[in-house]
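Close look at the chain arrangement
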Amino acid sequence: MFTAIGRNTFSFLGYAGEVAQLFRDTVISMFVAPIRWRLAFQQIVEIGARSQLVVIVTGAFTGAVFAAQLFFQLRGFGMESTVGSVTAVAMFRELAPALTGLMVAGRVGAAIAAEIGTMKVTEQIDALRSLGVHPTDYLVVPRTIAMMISMPLLVGEACMLSLISAYLVSVPLLGVSEPHYLRNLYQWVTLFDVYKALIKGFLFGIIIVFVASHEGLKTTNGAAGVGKAPTEAVVISSLAILAANFILTFLLNIFLPAGSS
Amino acid sequence: MIETRDLSKSFGPVQVLRSVSFSLHDGETLVVMGRSGCGKSVVLKHLIGLMKPDSGDVLVDGESIVGLPERKLTDVRRKIGMLFQSAALFDSMSVGENLAFPLREQGVHDEKEINTRIAEALEMVDLPGEEEKMPADLSGGMRKRVGLARTIIGRPRVILYDEPTTGLDPVTSDSINHLIRRLQRRLRVTSIVVTHDMKTAFHCADRVTFLHEGRAHFTGPIAEFRDSTDPVLADFIQGRSGDTD
Ligand SMILES: Nc1ncnc2c1ncn2[C@@H]1O[C@H](COP(=O)(O)OP(=O)(O)O)[C@@H](O)[C@H]1O
Ligand SMILES: [Mg+2]
């Protein structure tokens, strides 16, 4: 039992160490090697385009059901005009970043691991190296930059859609009074909540890109390995996002306290 | 030019290279032969630092490359071109983009020059006008030749060929043999050719190294290799497995 825990702790630390190593290589690469902006823009398009649908649907429907549930619960207390502000706070601080992170891990993380993994087992990465190109410069840095730019935008998009859907569900559909709804929203939702959403999105993007790239780069065993890499990338980055989200909620509350602005 | 000293390499429990030593002189062509799986590709990968030996040394122009970090290997790799056994074309790029890649990395940005050199390189491997094709649409032999074109387009001083004619029809093989010879004669390229093909060996070799059980079992002139009475070499040359029906 304890040896099992010990072994798992060790392998977790070992894995975290390997990902940290890739992170360090990437930071070094950004300083010592010219950044390939063309590839980075291509990746922004890929990541952005690939994620539009899931982010829109996730943001809109989560906002809508959250608002509806709140309405049913709060109506009894006559507090239904707070539906918008509570939904927005919950979405901005927690749900939008975490759900967007999980969705992007599933789409983009899997794709990154599969792409890089395929290149690894078909010797394309060795071919890059043989032509004097560092795989981190060529593959990881552009994806990292793309993710750092795309994830906050995607999270922001999910937040916007949840605001809109919560409004549509509450005001036109369930008949909450519009002026009260909006007054509560302006009063309780601050710029800090938006910052929290964007910071979390940014950090989750970093988790996804490094876990997925690492899974791709360590792929061995031909086609079987390429089949495993995306699954591992999605599972590991999703778990890491959930754990990081918990820690970040506490940390961000120290630096950007809730309720102030 | 290139020298290996007592190279050894294991993958897990399997020791593939025990002690491989040979040297490659300026301007010569060394043919490396040996049974499948004896570690020929592994040796080539050590010569440009794609793999690190467990022990032993690799010297390029007299300097050890074994301890060099990845970024310091760039200079060595620009001197040495490698044709991979699998061709290792970039799947996401067309044939033309594959060939433009080494040129752009070397800092050639003049599109006209790039296009001329791509056309030239494709001409040399008998694939003129195939720039637009994607690697997935090529046959195995065509991929190999595009890989060869990508290797030679940057005009390296040394070329490592990993089974350049395996899987090609006899006529194409013959034209690749002539191409290797031409590069060697006209451009004074130094080369290592890994092959099972006796015709290639006789056509190109100045010397032959035969890998066996993780060592350079034989190194010497091709004539001596052909006439050797060593049972290991004789069996290989005559294709005898020792099995009976
Ligand atoms: N990256 C690797 N990981 C594990 N084993 C490898 C690797 N590369 C080669 N090998 C093993 O080393 C041996 C020699 O391979 P190779 O050099 O490709 O043989 P060949 O002489 O046919 O080119 C084989 O048994 C192969 O399985
Ligand atoms: Mg081989």
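Above this text sits the structure in question.
One structure accompanies this document, and this report is about it. Small disclaimer: the values here were computed from a predicted structure and weren't measured. (Residues numbered from 1 in each chain as written. Chains lettered and ligands numbered in written order. Predicted model: local features only at pLDDT ≥ 70, side-chain atom pairs only at ≥ 80, totals over all residues. Heavy atoms only, no water.)

**Things to note about the overall build of chain A**
Helix and strand counts for chain A stand at eight helices and zero strands. Along the chain direction, N to C, the helices and strands of chain A fall in the order α-α-α-α-α-α-α-α. Counting the 261 residues in chain A, one finds 49% classified as buried. Summarising the internal contacts of chain A: among those between residues at least 6 apart in sequence, 86% fall at separations of at least 24. Of the roughly 12,600 Å² that chain A leaves accessible, carbon and sulfur atoms contribute 72%. (Helix = DSSP H or I, 4+ residues; strand = E, 2+ residues; numbered from the N terminus. Buried < 20%, exposed > 50% of the residue type's maximum accessible area, 1.4 Å probe, protein only. Contact = heavy atoms within 4.5 Å. Areas by Shrake-Rupley, 256 points an atom, 1.4 Å probe, with all protein chains shown as cover.)

**Observations concerning the side chain of Glu130(B)**
All names here are of chain B. Residue position: Glu-130 is located in the loop between helix H4 (111–124) and helix H5 (140–153). One polar contact links Glu-130 to Lys-133, side chain to side chain, over a distance of 2.7 Å. Excluding anything up to four places from it in sequence, Glu-130 contacts Val-95, Leu-122 and Met-142. (Polar contact = N/O pair within 3.5 Å; in protein donor to acceptor, adjacent residues only side chain to side chain.)

**Brief notes about helix H3 (residues 83–121) of chain A**
The largest bend along H3(A) measures about 55° and falls at Met91(A). Immediately downstream of H3(A), the backbone of Glu123(A) shows phi near 65°, a positive value. (Bend = angle between axes of the 7 residues up to and from the residue.)

**So, the environment of Leu131(A)**
Within the fold, Leu131(A) resides in the loop between helix H4 (124–130) and helix H5 (135–173). Not counting residues within four places of it along the chain, the set of residues in contact with Leu131(A) comprises Arg78(B), Phe90(B), Phe101(B), Pro102(B), Glu105(B) and Arg150(B).

**A closer look at the interface of chain A and chain B**
Taken residue by residue, the interface counts 21 residues in chain A and 21 residues in chain B. Taking both sides of the interface into account, the surface hidden between chain A and chain B amounts to around 1,700 Å²; carbon and sulfur atoms contribute 52%. At the boundary of chain A and chain B, one finds five salt bridges. A salt bridge links Lys45(B) to Glu123(A); the shortest N-O distance between them is 2.5 Å. If you look at where chain A meets chain B, you find eight residue pairs in polar contact (both at pLDDT 80 or more). When residues of the side of chain A that touches chain B are traced back to their parent elements, those giving at least two are helix H1 (2–32), H4 and H5 of chain A. It is H4(A) that contributes the most residues to the side of chain A that touches chain B, six residues altogether. For the side of chain A that touches chain B, the residue count by class is nine nonpolar, six polar and six charged. (Buried area = accessible area lost by both parts, 1.4 Å probe. Salt bridge = Lys/Arg side-chain N within 4 Å of Asp/Glu carboxyl O. Nonpolar A, V, L, I, M, F, W, Y, C, P; charged D, E, K, R; others polar.)

**Focus: the pattern of salt bridges**
In the structure shown here, the tally under the stated rule is 22 salt bridges over all chains. The salt bridge partner of Lys200(A) is Glu94(A), with a shortest N-O separation of 3.1 Å. On the criterion of sequence distance, the pair formed by Lys200(A) in helix H7 (residues 191–217) and Glu94(A) in helix H3 is long-range, its members being 106 residues apart. Overall, the relative accessible area of 27% leaves Glu94(A) in the partly exposed class. The closest approach of N and O atoms between Glu70(B) and Arg129(A), which form a salt bridge, is 2.8 Å. Within this pair, whereas Glu70(B) is found in the loop between strand E5 (63–64) and helix H2 (74–79), its partner Arg129(A) is found in helix H4, the two belonging to separate chains. In this structure Glu70(B) comes out as partly exposed when scored by relative accessible area, which is 21%. Taken together, the shared-partner salt bridges connect Glu123(A), Asp126(A), Arg129(A), Lys45(B), Glu70(B) and Arg77(B) into one network.

**Some thoughts on the packing of aromatic side chains**
For the structure shown, the criterion picks out 11 aromatic pairs over all chains. When the ring centre of Phe90(B) is taken as origin, the NZ or CZ atom of Arg150(B), which lies over that ring, is 4.6 Å away. (Phe/Tyr/Trp six-rings, centres within 6.5 Å; stacked < 30°, edge-to-face > 60°. Lys NZ or Arg CZ within 6 Å of the ring centre and 35° of its normal.)

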